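Listed below are the residues making up each chain.
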Amino acid sequence: MDKFVKQVLVSLVLFILVFSSIQQVSAAGFKDVSNFKEEIRYLTGLKIINGYPDGTYRPEAPILRVQAVMMIMRDLGIEKENIKNPGFTDIKPGDMGYAEVAFATELGIISGKGNKKFDPNGKMTRAEMSKVLVNAYELGGMYPAGFPDVSPKSWSEPYISALAANNVTNGYPDGTFRPNVTINRGQFAAFLARVLNPGFKPYSPAVADTFLEDSLNLQVLDVVKDHKKPILYMIDGLSNRLVSYNYETYEMDFAELPYRAERLAYANGKVYVTQHKMAHTYWTDWVPETGAYAVYDARSLKLSNIWHLELDPFDIEATDQGQVFISGGSNQHTLVVGYDSKNGAISSAQSIYMLGLLALTPDQKKLLTISTQISPRDIASYDIVDGKLQPPVDSPYHGDFDMSPDLSISPDGKYLLNGYGHIYSTNTLGYLGSLDRSFISSAVDMEAGELYTSRNLKLIYAYDFPSLQSSYQITTYGDVQSLFYDEDSDVLLALTKVKFGKSSYSYLGIEKIYFNVE
């Protein structure tokens, strides 16, 4: 059974077990409850809801701000000793809910209304409800569809967006959220129950399977992942800058590039970026070529060196020892050249057709290439011996299989994946099998035996690997451009083109699938 479906089933089983255990909670039989019965029964079983002495819950009554905080803190628990006075002038020690309000303030869950006021008996609005739940339970995520009555500049927008991204709220049938409407006790109980137990969440086709965690105003020309850290290195086409982005902390760093950039590679704490001094040119007669590649420290993004070339660079790969391989981008029949990045010297060169894409095997013993400018396309393999490229070995297939102008290599180095869905052996270049559809990006979880692909749609396809049998689909908020699998955190990372509200402008979306979560 695939791990995504398995996680969903685990959540459902937990809901069934909890729900069964609370069916017998007699205290939940409030005589005035007709809506949200199961949610209120659930919270009663957890002793989060007590009701009133007359046996009512009064679900239609507005929930007071202090009551909402008390319910949340009953779930989270509070420190009974050394509670710091929050400094509010309208709630003091001995008042109902003082300890809960004080500890919630210390935790940063609430902050009051200013002027040293908390307004404990004030009626809570839907916007305030969003903030307190998001802060209390550290809910992340963005909901790009948004709500027409929630301005992107409103203080409440990030909280409402996160609540919707977690499918805690869908808004009203007319598409609005109504942030200033007072929330009643029954509604608050329903929202809190959805936060605590996913079994109460309603189905919403507008909510994706992913979490959209960030959006960046970047036009990504090329992107690679750090081998050990949760960091992506990207070339931004809007600014011609090298970008370092930590997808766990959301921290970004930038470095200005001397010349126009196109492709990059990462190896052993260094980032290598092609630098262009001429346009890629197709000529039957040879013309002089020129270009460069820049070397940056991956942590600081400081320029270590820039090496000027007698080559118009296209794609680039690099080894941990500092050997750099660059394919030519002009002059039809050109070269793939090996350079020593420590001194700029040429170490080797072999023939290649212009604009050939490169992929280095994980053991760094083979350089795989695919042609992009000829038909039928061809793949080839160059052995690397003592850092030097050996003569190419061509694929035995010439026109037998359609090939897209891209290739990637599985983490174990055994499989070469082409965007038309065909899988080959990196060792022999022999054909092994095909998927049921093409893709533009892929990622593999070798431990779970799953392959993920995307094809510029709001979908990710999952397959058993290496059998290539289709398993399930994952919905996203944006059209998927690139996929990466982080084996350390068991997270599938999708870079997408995402739009907010009714805008036609696309941002770079950072979307994640968490497979093993509590």
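Residues take numbers from 1 onward in each chain, read along the sequence in its written order. Under the rules for a predicted model, residues below a pLDDT of 70 receive no local features and side-chain atom pairs below 80 are neither given nor counted, while totals for whole chains, interfaces and linings still include all residues. With hydrogens and water set aside, each side-chain value is computed from the structure's full complement of heavy atoms.

A closer look at the overall build of the chain
On a plain count of helices and strands, the chain comes out with seven helices and 29 strands. Principal-axis analysis of the C-alpha atoms gives the chain an extent of 95 × 50 × 45 Å. Partly exposed residues are those whose accessible area sits between 20% and 50% of the maximum for their type, while under 20% is buried and over 50% is exposed, using a 1.4 Å probe and protein chains only. The buried share of the chain, taken over its 518 residues, is 52%. When checking whether two residues touch, look at their non-hydrogen atoms; a contact exists if any pair is within 4.5 Å. Long-range pairs, those at least 24 residues apart, make up 51% of the contacts in the chain with a sequence separation of at least 6. Roughly 24000 Å² of accessible area belongs to the chain as shown, and the carbon and sulfur atoms make up 50% of that amount. When charges are counted, Lys and Arg are positive and Asp and Glu negative, with His and the chain ends excluded. A charged residue contributes its charge at one atom only: NZ of Lys, CZ of Arg, CG of Asp or CD of Glu. A gap of 9 Å separates the mean positions of the 46 positive and 60 negative side-chain charges of the chain. Note on conventions: DSSP H or I runs of at least 4 residues are helices, E runs of at least 2 residues are strands, and numbering of each starts at the N terminus. The method behind every accessible area is Shrake-Rupley, applied with a 1.4 Å probe, and residues are considered shielded solely by the protein chains displayed.

Concerning the pairing of strand β22 (residues 431-434)
Should DSSP find at least two bridges between two strands, the strands are regarded as paired. As defined by bridge partners, strand β21 (residues 422-425) adjoins β22 across three bridges and the pair is classed as antiparallel. Across the sheet, residue Y424 finds its bridge partner in β22, namely Y431.

Things to note about the sheet that holds strand β10 (residues 313-318)
Here four strands make up an open sheet; going across it, the order is β10-β11-β12-β13 and the pairing antiparallel. Edge positions in the sheet fall to β10 and β13 (346-353), since each of these pairs with one other strand and no more. Pairwise comparison of adjacent strand axes, ignoring direction, gives a mean angle of 20° for this sheet. Bridging between strand β11 (residues 323-328) and strand β12 (residues 333-340) involves five bridges; their strand directions are antiparallel. The residue bridging F325 from the neighbouring strand is G338, located in β12. For helices, the fitted axis covers only the stretch in contact; all axes are lines through C-alpha atoms, and the angles between them, taken along N-to-C directions, range from 0 to 180 degrees.

Regarding the pairing of strand β4 (residues 241-246)
In terms of burial, β4 is largely enclosed, as five of its six residues are buried. Pairing geometry for strand β3 (residues 231-236) and β4, over six bridges, is antiparallel. Within β4, the position partnered with I231 by the bridge is N246. Hairpin connection of β3 to β4: four residues between the antiparallel strands, including N240 at a positive phi of 55°.

Some thoughts on the packing of aromatic side chains
Pairing of aromatic side chains here covers Phe, Tyr and the six-membered ring of Trp, requires ring centres within 6.5 Å, and sorts the geometry by plane angle: under 30 degrees stacked, over 60 edge-to-face, intermediate tilted. As enumerated under the stated definition, the model contains 19 aromatic pairs in all. Where Y233 meets Y266, the ring centres are 5.4 Å apart and the plane angle is 10°; that geometry is what we call stacked. With a gap of 33 residues between them, Y233 in strand β3 and Y266 in strand β6 (residues 260-267) connect regions that are remote in the sequence. Comparing Y233 with Y266, the two get one shared label, buried. An aromatic cluster is defined as three or more aromatic residues linked by ring pairs; in this entry it consists of Y143, F147, F177 and Y477. Two limits define a charge over a ring: the Lys NZ or Arg CZ must be within 6 Å of the ring centre, and within 35 degrees of the ring normal. In this structure, R65 packs its charged tip against the face of F118, placed 4.7 Å from the ring centre.

Details of helix α3 (residues 65-76)
To estimate the expected span of a helix, count its residues, drop one, and scale the result by 1.5 Å. The first and last C-alpha atoms of α3 sit 17 Å apart over 12 residues, in line with the 16 Å expected at 1.5 Å per residue. Buried residues along α3 sit in contact with α2 (37-45), α4 (98-106), α5 (126-137) and α7 (185-196). G77 occupies a position one or two residues after α3 and carries a positive phi of about 85°.

Side note on the nonpolar core
Buried Ala, Val, Leu, Ile, Met, Phe, Trp, Tyr and Cys residues that are joined via side-chain atoms within 4.5 Å together make up what is termed a nonpolar core. Membership of the largest hydrophobic core comes to 58 residues, with the highest contact counts inside it found for L43, M71, I72, M129, L133, F188 and L192. By residue number, the principal contributor to this core is α3, which donates seven residues. Apart from residues no more than four positions distant in its own chain, M129 is found in contact with M124, L163, F177, I183, F188 and F191. If you look at the next biggest cluster of nonpolar residues, it comprises 17 residues, including L355, M403, I409 and L416.

Focus on the sheet that holds strand β25 (residues 459-464)
In space, the four strands of this open sheet follow the order β23-β24-β25-β26, with antiparallel pairing throughout. Each edge of the open sheet is held by one strand with a lone partner, namely β23 (441-445) and β26 (470-475). With strand direction ignored, the average angle separating the axes of adjacent strands in the sheet is 20°.

With respect to the packing of α3 against α5
Any two packed helices are characterised by the angle at which their axes cross and by the distance between the axes. At a closest axis distance of 11 Å, the pairing of α3 and α5 adopts a crossing angle of 20°. Taken as axis vectors, α3 and α5 run roughly parallel relative to one another. As for the relative orientation of α3 and α5, their crossing is right-handed in sense. Packed against α3, whose contacting residues are R65, I72, D75 and L76, the element α5 presents E128, V132, L133, A136 and Y137 at the interface. Under this grouping Gly is polar, as are all residues other than the nonpolar Ala, Val, Leu, Ile, Met, Phe, Trp, Tyr, Cys and Pro and the charged Asp, Glu, Lys and Arg. Grouping the constituent residues of the contact of α3 with α5 by class yields six nonpolar, no polar and three charged. Should an angle lie under 35 degrees it is considered roughly parallel, over 145 roughly antiparallel, and from 65 to 115 roughly perpendicular; all remaining angles are considered oblique. Crossing handedness: left-handed means the near helix sits turned counterclockwise from the far one by under a right angle, and right-handed means the same turn made clockwise.

Observations concerning α5
The end-to-end C-alpha distance of α5 is 16 Å, a good match for the 16 Å that 12 residues give at a rise of 1.5 Å each. In terms of residue burial, α5 counts as a mostly covered element, since 10 of its 12 residues are buried. Buried within α5 we find R126, A127, E128, M129, S130, V132, L133, V134, A136 and Y137. Close packing links the buried residues of α5 with α3, α6 (157-165) and α7. Two residues or fewer past α5, E138 is found with a positive phi of approximately 50°.

So, the environment of Y159
With respect to the secondary-structure elements, Y159 resides in helix α6. Counting along the chain gives 18 residues from Y159 to G141, while the straight-line C-alpha distance between them is 9.3 Å. For Y159, the residues in contact, after removing those within four places along its chain, are S130, K131, V134 and N135.

Re a nonpolar patch on the surface
The residues that make up patches have over 30% relative accessible area and no salt bridge, and they are joined within 9 Å when like-charged or within 5 Å when they are Val, Leu, Ile, Met, Phe, Trp or Tyr. Definition used for salt bridges: Asp or Glu carboxyl oxygen within 4 Å of a side-chain nitrogen of Lys or Arg. On the surface, L238, Y505 and Y507 cluster together into a nonpolar patch covering about 280 Å² of accessible area. You can see L238 is positioned in the loop between β3 and β4.

A short note on the packing of α3 against α4
One way to put it is that α3 packs onto α4 with a least axis distance of 9 Å and a crossing angle of 75°. Here α3 lies roughly perpendicular to α4, going by the angle between them. For the pair α3 and α4, the contacting residues are V66, V69, M70 and M73 in the first and E100, V101, F103 and A104 in the second. Its residues assigned to classes, the contact of α3 with α4 comprises seven nonpolar, no polar and one charged.

Points about the pattern of salt bridges
The full count for this structure, using the stated rule, is 14 salt bridges. Residue D54 is joined to R58 by a salt bridge in which the shortest nitrogen-to-oxygen separation is 3.3 Å. Across the pair D95 and K92 runs a salt bridge whose closest N-O atoms are separated by 3.6 Å. One network of salt bridges, in which partners are shared, links R65, K113, D119 and E128.

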